[in-house]
Amino acid sequence: MARLSRTTVRRGIACAAAALVTAGVVSVAPASGSVVAAEARDTAYENAVSDSFSDTFADPSVIRGRDGWWYAYATSDPLRAGDAPGAMHMARTKDWSSWEYLGTVFTSANRPAWATATAGLWAPDIRYVAGRYVLYFTVTDTTLNPGDDSAIGAATAPTPSGPWTPAPAPAVPPRPAPGGGFLWTFDPAGFTDVDGQRYLYYGSYFGGLWATKMSADGLTPVGPATQVAIDNRYEGSFVVRHGDWYYLMGSAANCCAGPTTGYSVFAGRARSPLGPFVDAEGTSLLTSRVGGTIVLTQNGNRFVGAGHHAVVTDSEGRDFIAYHAIDRNRPWLTAPFGINRRPMLLDRLDWVDGWPRTRAGAGPSDTPQPAPSLDSALGITPTDPAASGFSGLAAGPSDPVGGATAVIRGTASTVEPAPAGSLHVRLDHQGTAPLRVLLGRDPAVKVTLDPAGRRLTAQVDDGGVVRSSTAALPAAAPGAWRTLTVEATAEGLTAEVSESDLADVTSRVHVDGAVEPRSAPVRLSSSDARVDNVVVNAAARDAAALAPVPQAGALLTAEEFDDPTLAGFTWVRRNPAVTVSDGSLNWPVEGKDLVGGGNDAGVLLHDTPGDGDWIAEAKTRLDVGTDTVRNYQQVGIVAYENDDDFARLSNVAIWNTRQTEFGRETAADPANPDAPDGRTSYGGAIVGTSAPTLWLRLAHHRTATGEHLYRAGTSRDGVTWTWGATWTFRPGTSPRIGLVAHGGASSAVTAHVDHLRFYASTWPTDPGAG
């Protein structure tokens, strides 16, 4: 393996190696018996986090190892320009700045026997299942059927770095498609529910997203699968439980269009891991006018195509989203239209009003950010006055993943006082003896993990008034570890148990009411419980509100379509069938397009208010029904420089779905935008939910470097807006605003535009900073 130099300090205090808690209340400390000195807690990272060891690290999956490292896995693209494709990559870090590359998951000698020699191994998903690590992955072609098919594979290992043994058969075999061929069985994501039932999510555009129950070892499907999202919209699924909701997140649009990649992440939630999942507006992820609440989308800095993600939680209880994106200035690994350069990024994931939002909706960062914490803000030390180290400390059995363990003997011991206010305690647990976590100076606030009794209990004694909550605790496999988190906040006392510590909660209890212990010990009590990685921190706080979005101010100018001559507009390829009547522009949808080399669709252009901040708004009407295939009939508003340089926001039919696409066409090679071969790239981002009547907005901003930024917004009522992706135009361009109605074969359907208005606006503070 290639070991990389570390450039930043570990965050926090290395708090605890493994320990056996026996006979009484004890503290947890490093196995060496020495007190660990405090280290700086201001460790920062900067995107893209994988740049130090790779050019591309796509489809990332991450897990926290019990050895104090974060482990990351990626799809089998070449690691660096000029390399041959690998067999999925592994790397690890403690600070998200310096990395150790661990090599590939497989070699030519141990690839799955049922995968063809040329099959791609994509989109790994790492889990800890029944005492061992399971890595799910996509196999793009198998030996099980003639022709192209795809399946989900699985491999197991005793440690997060391997060695990996592939399962002898697919976890999800190829699935025949109606009418011939095979559905896209891509992008697996495991999940374990509160009853211990295991699930596997998978699928892509051709076939939709599906979920199936899995066997106890996570390797075999059990019973029929359930579709959880419509086809032609999502891939890259990932499921978390947050509170009492299950959140299905998936990536939409194209993953790999170089500088015009618009990949973004959306979410729906349900009360069951099998759905039905709906977005924040109540729209189903299974309907033709498909729903989805934006979790992550590009914001106008250098990163585009942000998607295919995983979610991890640090030692303060703060969630982070790991994903890949593309630097629009260096989008290709080698040459245009080859492999996309997709490094791994990381950002804070806030929960705002019950929904996951990357940096509260600000999107990808490109400035230094506080790194996830692995350690504790609190040194944990023994209090035996006769000992300078650890009285009664003896060596415990060694663990193949966590390393050295310790046995602590004694009847009582305390830790240093925890910070006052909200508190987050995290530890790994193994064994069958009950373990109690006590907060405060008496047992008024406690959580009991009782593996033998198969229950988890939280209790708050408030002056003799006892409030408690108890939940079933699924049995653990012999020797398996699981993670316990306890959080006391103004919202109440919450305890959760997980196998993978990936928001796949197997047991959860919550007691309502403010529980914020005063500065006091945090104690562990058990007769015989083995613990590891004990951390105590002030509980993380999510952002209280979403990041600012463009707001419409004073009306600057308006076209209400009461002039049949269309004065103030100019045509690119005039359409004589377009008329003005009853206060509307009436445009028979043209069987033409702007994308690619055809460039035969009409564009009706209007001057803009200039280089300042403003919003262009069009109220559109186009009813193309639902479910039927009417590719790609649309009506929209466009920022137009020329036929090969535009950004188009449309209400569009995409196969059986109806979506709002913010598409971008520009030069395929950003380093040589005026190349004589004229090759262009097109890709799109999805914004809000489609409707027959839809308001469309483009918010404009000019940067200090001369770039034009356009952010897309959509509304189904003209009042409530969904703001999504941002596209940029290079300095020296002067885009105008236009209207379009085209796509697909010619038909009798007519699009209508009821107004085109320009409003003053204020562009929010740089969304890529801080």
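Residues numbered from 1 in each chain as written. Predicted model: local features only at pLDDT ≥ 70, side-chain atom pairs only at ≥ 80, totals over all residues. Heavy atoms only, no water.

A. Broad picture of the sheet that holds strand β23 (residues 344–352). Read across the sheet, four strands follow the order β21-β22-β23-β24 without closing on themselves; strand pairing throughout is antiparallel. Bordering the open sheet on either side are β21 (303–313) and β24 (355–358), each of which pairs with just one other strand. When the angles between neighbouring strand axes are averaged without regard to direction, this sheet yields 35 degrees. The pairing of β21 with strand β22 (residues 319–327) spans seven bridges and is classified as antiparallel. When the bridges of β22 are listed, G307 appears paired with H324. (Pairing = 2+ DSSP bridges. Helix = DSSP H or I, 4+ residues; strand = E, 2+ residues; numbered from the N terminus. Axes fitted to C-alpha atoms, helices over the stretch in contact; angles between N-to-C directions.)

B. Local environment of the nonpolar core. By size, the foremost hydrophobic cluster in this structure holds 47 residues, and its most contacted members are F57, I63, Y73, W96, W99, F106 and W164. Considering every element that reaches this core, the biggest residue donor is strand β6 (residues 70–74), with five residues. Setting aside chain neighbours within four positions, we find F106 in contact with A87, M88, R111, P112, L121, F137, A155, W164 and P166. In this structure, V580, A691, F729 and F758 belong to the second largest nonpolar core, which totals 42 residues. (Core = buried A, V, L, I, M, F, W, Y, C linked by side-chain atoms within 4.5 Å. Buried < 20%, exposed > 50% of the residue type's maximum accessible area, 1.4 Å probe, protein only. Contact = heavy atoms within 4.5 Å.)

C. Region of the structure containing the packing of aromatic side chains. A full pass over the atoms with the stated rule returns 22 aromatic pairs. Ring geometry for W614 against F758: centres 5.8 Å apart, planes inclined by 70 degrees, an arrangement best described as edge-to-face. Of the two residues, W614 is situated in strand β43 (residues 614–621) and F758 in strand β52 (residues 750–762); the sequence distance between them amounts to 144 residues. Taken individually, W614 and F758 each receive the classification buried, so the pair is uniform in this respect. Counting every residue linked through ring pairs, the aromatic cluster contains F53, F57, W70, W96, W99 and Y101. Residue placement shows R233 over the ring face of F266; its charged tip is 4.9 Å from the ring centre. (Phe/Tyr/Trp six-rings, centres within 6.5 Å; stacked < 30°, edge-to-face > 60°. Lys NZ or Arg CZ within 6 Å of the ring centre and 35° of its normal.)

D. Structural view of the layout of surface pockets. Taken as a whole, the largest pocket holds about 970 Å³ of empty space. Lining the largest pocket we find 33 residues, and of these H242, G317, E487, E496 and D542 sit closest to its centre. Residues belonging to the lining of the largest pocket are distributed by class as follows: 11 nonpolar, 12 polar and 10 charged. Space inside the second largest pocket adds up to approximately 710 Å³. In this structure, the second largest pocket is lined by 37 residues; those nearest its centre are R357, L546, V549, R711 and W723. Broken down by secondary-structure element, the contributors of at least two residues to the lining of the second largest pocket are β20 (293–296), β24, β47 (680–689) and β50 (722–729). The leading source of residues in the lining of the second largest pocket is β20, at four residues. Along the lines of polarity and charge, the residues of the lining of the second largest pocket split into 18 nonpolar, 13 polar and six charged. (1 Å grid on protein atoms, 1.4 Å probe; cavity = no way out; pocket = protein on both sides within 12 Å on 5 of 7 lines; lining within 4 Å. Points joined across faces, edges and corners; volume = space filled by probe spheres on them. Nonpolar A, V, L, I, M, F, W, Y, C, P; charged D, E, K, R; others polar.)

E. Region of the structure containing the pairing of strand β42 (residues 603–606). Burial of β42 is two-sided: the residues V603 and L605 facing one way and the residues L604 and H606 facing the other way are all buried. Pairing geometry for strand β39 (residues 569–572) and β42, over four bridges, is antiparallel. When the sheet's bridge partners are listed, T570 is paired in β42 with L605. Here three bridges tie β42 to strand β51 (residues 736–742), and the two strands are oriented antiparallel to one another. Bridge pairing in β51 links L604 to L739.

F. View of a nonpolar patch on the surface. A contiguous nonpolar patch, built from V629, Y632 and W655 and spanning about 310 Å² of accessible area, is present on the exposed surface. The topology assignment puts W655 in the loop between β45 (645–654) and β46 (657–667). (Patch = residues over 30% accessible without salt bridge, like charges linked within 9 Å, V, L, I, M, F, W, Y side chains within 5 Å. Areas by Shrake-Rupley, 256 points an atom, 1.4 Å probe, with all protein chains shown as cover. Salt bridge = Lys/Arg side-chain N within 4 Å of Asp/Glu carboxyl O.)

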